[in-house]
Amino acid sequence: MTTASPFDSPEATFLDGQLLVAMPGMGDKRFERAVIYLCAHSADGAMGIIINHPAKRVSFTDLLVQLDVIEPDEAIRLPTSAGNVPVVKGGPVDTGRGFVLHSTDYHVDSSTMEIDGGVSLTATVDVLRAIAKGLGPHRAMLALGYAGWEPGQLEQEIRQMGWLHCPADEALIFDPALDTKYDRALRKIGIDPGSLSSQTGHA
């Protein structure tokens, strides 16, 4: 299968607001079967959040307690929506920091970055406090860390068929069923997951 890269043309094409989908043979275990929402992409590099790798042995409620957003005895009184916020391993960079991808019905001046297609990013504790009070965004996901690329690095990886890409949608980004996102993203591109894995095989 050959797919033309958008970077083969002389005019720059940037993919912020789109999904990156890892090819089976890309060779980096940190990104195996990863689906990444690209928050920023320019000539200066790229930054995105892996949206389908769960953070092991930690829940959103646990993190609210650890970050002193709530007291331990307040956990049972959290709004149902707060308990349903997925926690993912957002990438290998800055893993001790939290990044909240969320719907655009929540915004804090100077803290929230509106990206595209009804998705925003906030990396301050304000959004966590709002969610804990039931005043936060309608849809949200907390990522620990992020994925980053130096200038030209992502473009090169796409040319080498390390990644496919497609338009993003809120339903896929915020769905708590993390284990189905990879196959669903491939189907969104028009690829049968079984066919792709059997064709690619080895790194």
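The coordinates are above.
Our subject in this report is the structure included herewith. (Residues numbered from 1 in each chain as written. Predicted model: local features only at pLDDT ≥ 70, side-chain atom pairs only at ≥ 80, totals over all residues. Heavy atoms only, no water.)

Next up on the list: unusual backbone geometry. The residue serine 110 is not glycine, and still its phi comes out positive at about 70°. Structurally, the position occupied by serine 110 is in the loop between β5 (93-103) and β6 (112-116). Judged by relative accessible area, which is 81%, serine 110 ranks as exposed. The backbone of methionine 161 sits at a positive phi, close to 65°, despite the residue not being glycine. Position of methionine 161 relative to the elements: it lies in the loop between α4 (153-159) and β9 (163-167). (Helix = DSSP H or I, 4+ residues; strand = E, 2+ residues; numbered from the N terminus. Buried < 20%, exposed > 50% of the residue type's maximum accessible area, 1.4 Å probe, protein only.)

This part takes up helix α3 (residues 125-132). Every buried residue of α3 is listed here: Val127, Leu128, Ala130, Ile131 and Ala132. The inward-facing, buried residues of α3 contact α1 (60-66), α2 (80-83), β5, β7 (119-122) and β8 (140-149). Glycine 134, located one to two residues past α3, shows a positive phi value of around 80°. (Contact = heavy atoms within 4.5 Å.)

Further remarks concern the environment of valine 127. With respect to the helices and strands, the residue valine 127 is situated in helix α3. Those residues in contact with valine 127 that sit more than four places away from it in its chain are Val100, His102, Tyr106, Thr122 and Pro137.

Glancing now at the pattern of salt bridges. A pair can form between side chains of opposite charge whenever their charged atoms are brought close. Inspection of the entire model under this criterion finds 7 salt bridges. When the shortest N-O distance is used, the salt bridge between arginine 97 and aspartate 94 registers 3.9 Å. With a relative accessible area of 38%, aspartate 94 lands in the partly exposed category. (Salt bridge = Lys/Arg side-chain N within 4 Å of Asp/Glu carboxyl O.)

Core analysis: the biggest nonpolar cluster contains 27 residues, and Leu19, Tyr37, Cys39, Ile49, Ile51, Leu101 and Ile173 have the highest contact counts within it. In this structure, Leu78, Tyr106, Ile131 and Leu142 belong to the second largest nonpolar core, which totals 20 residues. (Core = buried A, V, L, I, M, F, W, Y, C linked by side-chain atoms within 4.5 Å.)

What follows concerns the packing of aromatic side chains. As enumerated under the stated definition, the model contains 3 aromatic pairs in all. When the ring of phenylalanine 31 is compared with that of tryptophan 163, the centres are 5.7 Å apart and the planes differ by 75°; the resulting orientation is edge-to-face. Residue phenylalanine 31 is located in the loop between β1 (18-22) and β2 (35-42), and its partner tryptophan 163 is located in strand β9; the two are separated by 132 residues in the primary sequence. Both residues of the pair, phenylalanine 31 and tryptophan 163, belong to the buried class. (Phe/Tyr/Trp six-rings, centres within 6.5 Å; stacked < 30°, edge-to-face > 60°.)

The element β2 is extensively covered by neighbouring structure, given that 6 of its 8 residues are classed as buried. Note that β1 and β2 share 3 bridges and pair antiparallel. Paired with leucine 19 across the two strands is tyrosine 37, which belongs to β2. The pairing of β2 with strand β3 (residues 45-50) spans 6 bridges and is antiparallel. (Pairing = 2+ DSSP bridges.)

Take the pairing of β6 next. Here β6 pairs with β7 via 4 bridges, running antiparallel. Across the sheet, residue aspartate 116 finds its bridge partner in β7, namely valine 119. Taking the residues that link successive antiparallel strands as the turn, the β6-β7 hairpin has 2 residues, and the phi of glycine 117 there is positive, at about 60°.

Note that every value here comes from positions in space, so none of it alone points to a role or purpose.
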